[in-house]
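# An overview of the molecular structure
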Amino acid sequence: MTRRLRLAIPNKGRLVEPTVRLLRDAGLVFEAGERALVARVQNFDLDILFVRTNDVVEFVADGVAELGVTGLDLVAEAGSDVPQLRTLGFGRCRLTIAVPNDSPFRAPEDLAGLRVATSHMNLTKSFFASRSIPVDVIPVSGAAEVAPRLGLAEAIVDLVSTGSTMVANGLRPIEEVFDSEAVLLANSAALRDRADVLDTIQTMLSATLAARDRKYLMMNAPESRLAELEDLLPGLESPSIIPLAHKGMVAIHSVVEADAVWSLLPRLKTAGASGILILPIEKLVS
Ligand code: AMP
């Protein structure tokens, strides 16, 4: 008998909330207790393993879990060739070289012969090696941003999303080393042996992510203005046009980019649309 599928996700830190939200939005029902190591999904043949963000890659690569969610930076740092099914659109950050505000350094080359503190040893070493810049890479397990103040290093390589932590620590970025976001990983043997169920989960997550970025628009309009309105509504495919009981009027239904909705509304009204409804989409499979 094949065992229940396992998905390893972070148990702590900034990827937990968006990962759990994605799984719940996808319709998976489970309880994520504070200290639970495993959550049984009630409506799917799946167990969720809560592990350290750093351990997800190894769990999936070794087949302890068939699937995993972690940061692309950690996959690259581990130098792992574990298959990546797709990026997930959250946990976006950049691995960045930063120096104290009052330092004279402007470019990575200025750091030749100096010390760089980081918790991403491999990515940092390979970046400087690729530019043939000799630096002394100092390992820190976290809070690299305090290293310059402690006199441990002249520069750091650390993850930045908004940049406010760096600013608060009197640091300024000089170059980006790596772009990261959360990624869905799969074990390579499971991809071969349990392709169907892995594909189902991937479709489930992809449909949920695609739906988040889109809205369903419904409106009424005079048939005579249809061409004008259709031009405003590129949508996924052509809009649906439905005749209304009132002669000469139609209903238009269309899927549009969520970000575009607010700028679209006044233009739709000017083009004759009325009774405009904006609806959320639950899942979108294209
Ligand atoms: P954690 O240390 O458990 O909070 O998770 C760290 C992971 O979250 C990193 O490896 C990145 O993939 C991701 N991440 C996203 N934004 C940031 C950020 N601003 N700082 C650190 N990690 C981030």
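Since this is a predicted model, take the numbers as computed values, not measurements.

### So, the pattern of salt bridges
Taken as a whole and assessed by the stated rule, the structure comprises 16 salt bridges. Where Asp55 meets Arg52, a salt bridge forms, and the shortest distance between an N and an O atom there is 3.4 Å. Accessibility expressed as a relative area gives 47% for Arg52, which makes it partly exposed. Two residues, Glu257 and Arg214, come together in a salt bridge whose shortest N-O distance is 3.7 Å. Taken as a pair, Glu257 in strand S14 (residues 249-257) and Arg214 in strand S12 (residues 214-222) lie far apart in primary sequence, 43 residues in all. What you see here is one network of salt bridges that share partners, running through Arg3, Glu66 and Arg194.

### Here we look at the pairing of strand S13 (residues 240-243)
In terms of strand pairing, S13 meets S14 through four bridges, oriented antiparallel. For Ile241, the partnering residue across the bridge sits in S14 and is Ile252. A loop of five residues connects S13 with S14, the two strands running antiparallel in sequence, and Gly248 in this loop sits at a positive phi of about 85 degrees.

### A few points about the nonpolar core
Core analysis: the largest hydrophobic core is formed by 31 residues, its most contacted members being Leu7, Ile48 and Leu67. The set of elements that each furnish at least two residues to this core consists of strand S1 (5-10), helix H1 (16-25), strand S3 (46-51), strand S4 (67-71), strand S11 (182-186) and helix H7 (195-212). With five residues, the single largest contributor to this core is H7. Filtering out sequence-adjacent residues up to four positions away, Leu67 remains in contact with Leu5, Arg6, Leu7, Ala8, Val60, Leu85, Leu184, Leu185, Ala186, Leu198 and Ile201. Judged by nonpolar contacts, the second largest core, of 16 residues, contains Leu217, Leu229, Val261 and Leu264.

### Considering the sheet that holds strand S10 (residues 171-180)
With respect to topology, five strands assemble into an open sheet ordered S8-S7-S9-S6-S10, the strand pairing being mixed. One side of each edge strand has no neighbouring strand; the edge strands of this open sheet are strand S8 (136-139) and S10. Going from strand to strand, the sheet's axes swing by 30 degrees on average, the running direction of each strand aside. Of the pairings in the sheet, the one linking strand S6 (residues 93-100) to S10 comprises eight bridges and is antiparallel in character. Bridging across to S10, Ala98 finds its partner in Pro173.

### As for the domain arrangement of the protein chain
Split by domain assignment, the protein chain resolves into domain 1 (5-91 + 181-211), domain 2 (93-180) and domain 3 (214-280). Between the C-alpha centres of domain 2 and domain 3 there is a distance of 50 Å.

Parameters at a glance
- Residues numbered from 1 in each chain as written.
- Predicted model: local features only at pLDDT ≥ 70, side-chain atom pairs only at ≥ 80, totals over all residues.
- Heavy atoms only, no water.
- Salt bridge = Lys/Arg side-chain N within 4 Å of Asp/Glu carboxyl O.
- Buried < 20%, exposed > 50% of the residue type's maximum accessible area, 1.4 Å probe, protein only.
- Helix = DSSP H or I, 4+ residues; strand = E, 2+ residues; numbered from the N terminus.
- Pairing = 2+ DSSP bridges.
- Core = buried A, V, L, I, M, F, W, Y, C linked by side-chain atoms within 4.5 Å.
- Contact = heavy atoms within 4.5 Å.
- Axes fitted to C-alpha atoms, helices over the stretch in contact; angles between N-to-C directions.
- Domains from an automatic or database assignment.

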